[in-house]
Amino acid sequence: LAKLPPLLGMMVAGFLLRNIPVIGIAGDISSIWSSTLRNIALVIILIRGGISLDAKQLWKLKFAVPTLAILPCILEGATDGLIAIYFLEMPWQWGLMLGYLLAA
């Protein structure tokens with residue numbers, strides 16, 4: 001078998017328990033509890049991902065990491081803004097605001 005991370009198995013199990021009508025185990029959970037549990041699961045996923053980062057490796061790539069984090073957002077916002085300006089005929093301020101809102 002392939003060596004998959006346990007977190008992936010937990011996510012697949014949660015998806016199956018929620019979306020397969022035959023199982024119906026998670027159908028009785030209230031929407032407030034469901035929302036709270038999903039937020040907690042997101043926090044756990046983000047914390048586990050952050051803990052697994054290696055600070056020394058990130059420091060070696062100190063120019064690549066910010067470039068890969070910031071440059072795509074800037075380019076996507078500018079592209080969306082230009083599309084809004086030229087195709088939707090918006091003023092440039094509104095077009096760029098829309099572009100960067102969509103990019104966020």
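So, how was this worked out
Residues numbered from 1 in each chain as written. Predicted model: local features only at pLDDT ≥ 70, side-chain atom pairs only at ≥ 80, totals over all residues. Heavy atoms only, no water. Helix = DSSP H or I, 4+ residues; strand = E, 2+ residues; numbered from the N terminus. Rg over C-alpha atoms; globule rule 2.2 N^0.38 Å. Buried < 20%, exposed > 50% of the residue type's maximum accessible area, 1.4 Å probe, protein only. Contact = heavy atoms within 4.5 Å. Areas by Shrake-Rupley, 256 points an atom, 1.4 Å probe, with all protein chains shown as cover. Lys, Arg positive; Asp, Glu negative; His and termini not counted. Charge placed at Lys NZ, Arg CZ, Asp CG, Glu CD. Patch = residues over 30% accessible without salt bridge, like charges linked within 9 Å, V, L, I, M, F, W, Y side chains within 5 Å. Salt bridge = Lys/Arg side-chain N within 4 Å of Asp/Glu carboxyl O. pLDDT = per-residue confidence, 0-100. Axes fitted to C-alpha atoms, helices over the stretch in contact; angles between N-to-C directions. Parallel < 35°, antiparallel > 145°, perpendicular 65-115°, else oblique. Left-handed = near helix turned anticlockwise from the far one by under 90°. Nonpolar A, V, L, I, M, F, W, Y, C, P; charged D, E, K, R; others polar.

**Quick look at the overall build of the protein chain**
Piece 1. What the protein chain contains, in helices and strands, is 5 helices and 0 strands.
Piece 2. Shown N-terminal to C-terminal, the secondary structure of the protein chain runs as helices and strands in the order α-α-α-α-α.
Piece 3. Taking 104 residues into account, the globule formula puts the C-alpha radius of gyration at 13 Å, and the protein chain, at 21 Å, lies well above it.
Piece 4. Dimensions along the principal axes, computed over C-alpha positions, put the protein chain at roughly 50 × 40 × 30 Å.
Piece 5. Looking at the 104 residues of the protein chain, the share that counts as buried comes to 10%.
Piece 6. Here the contacts in the protein chain between residues at least 6 apart in sequence split such that 29% fall between residues at least 24 apart.
Piece 7. For the protein chain, the accessible area works out to roughly 9000 Å², and carbon and sulfur atoms hold 74% of it.
Piece 8. Side-chain charges in the protein chain split into 7 positive and 5 negative, and the spacing between the mean points of these groups amounts to 20 Å.

**Here's the deal with a nonpolar patch on the surface**
Piece 1. A surface patch of nonpolar side chains, about 920 Å² in accessible area, is lined by Leu-4, Leu-8, Val-12, Phe-15, Leu-16, Leu-17, Ile-20, Val-22, Ile-23 and Ile-25.
Piece 2. Here Leu-16 is to be found in helix α1 (residues 6-19).
Piece 3. By relative accessible area, which is 35% here, Leu-16 ends up partly exposed.

**Structural notes on the environment of Cys-73**
Piece 1. Residue placement: Cys-73 occurs in helix α4 (residues 64-87).
Piece 2. Once the C-alpha coordinates of Cys-73 and Val-12 are considered, the two residues, 61 residues apart in sequence, prove to be 30 Å apart.
Piece 3. If we skip the residues at most four places from it in the chain, Cys-73 touches Tyr-100 and Ala-103.

**Regarding the confidence of the model for the protein chain**
Piece 1. Across the protein chain, the average pLDDT comes to 86, with 97% of residues at or above 70.
Piece 2. Per-element confidence in the protein chain is highest for helix α5 (residues 92-103), whose mean pLDDT is 92, and lowest for α1, whose mean pLDDT is 83.

**A few points about the packing of α4 against α5**
Any two packed helices are characterised by the angle at which their axes cross and by the distance between the axes.
Piece 1. Across the interface, α4 lies against α5 with an axial gap of 7 Å and an inter-helix angle of 135 degrees. Taken together, the axis directions place α4 and α5 in an arrangement best described as oblique. For the pair α4 and α5, the crossing hand works out as right-handed. Counted together, Cys-73, Ile-74, Glu-76, Gly-77, Ala-78, Asp-80, Gly-81, Ala-84 and Ile-85 of α4 and Trp-92, Gly-95, Leu-96, Leu-98, Gly-99, Tyr-100, Leu-102 and Ala-103 of α5 form the full contact between these two elements.

**Observations regarding unusual backbone geometry**
Piece 1. The phi torsion at Glu-89 lies on the positive side, around 55 degrees, for a residue other than glycine.
Piece 2. The residue Glu-89 is located in the loop between α4 and α5 in this model.
Piece 3. Residue Glu-89 is classed as exposed on the basis of its relative accessible area, which comes to 69%.

**Here we look at the packing of α1 against helix α2 (residues 31-51)**
Piece 1. Remark: α1 packs on α2, axes separated minimally by 12 Å, with the N-to-C direction vectors making an angle of 165 degrees. One element, α1, and the other, α2, form an angle in the roughly antiparallel class. The two elements α1 and α2 cross, and the hand of that crossing is left-handed. Between α1, through Leu-7, Met-10, Met-11 and Arg-18, and α2, the contact on the second element is made entirely by Ser-34, Ile-45 and Arg-48.
Piece 2. A breakdown of the residues in the contact of α1 with α2 according to their chemical character gives 4 nonpolar, 1 polar and 2 charged.

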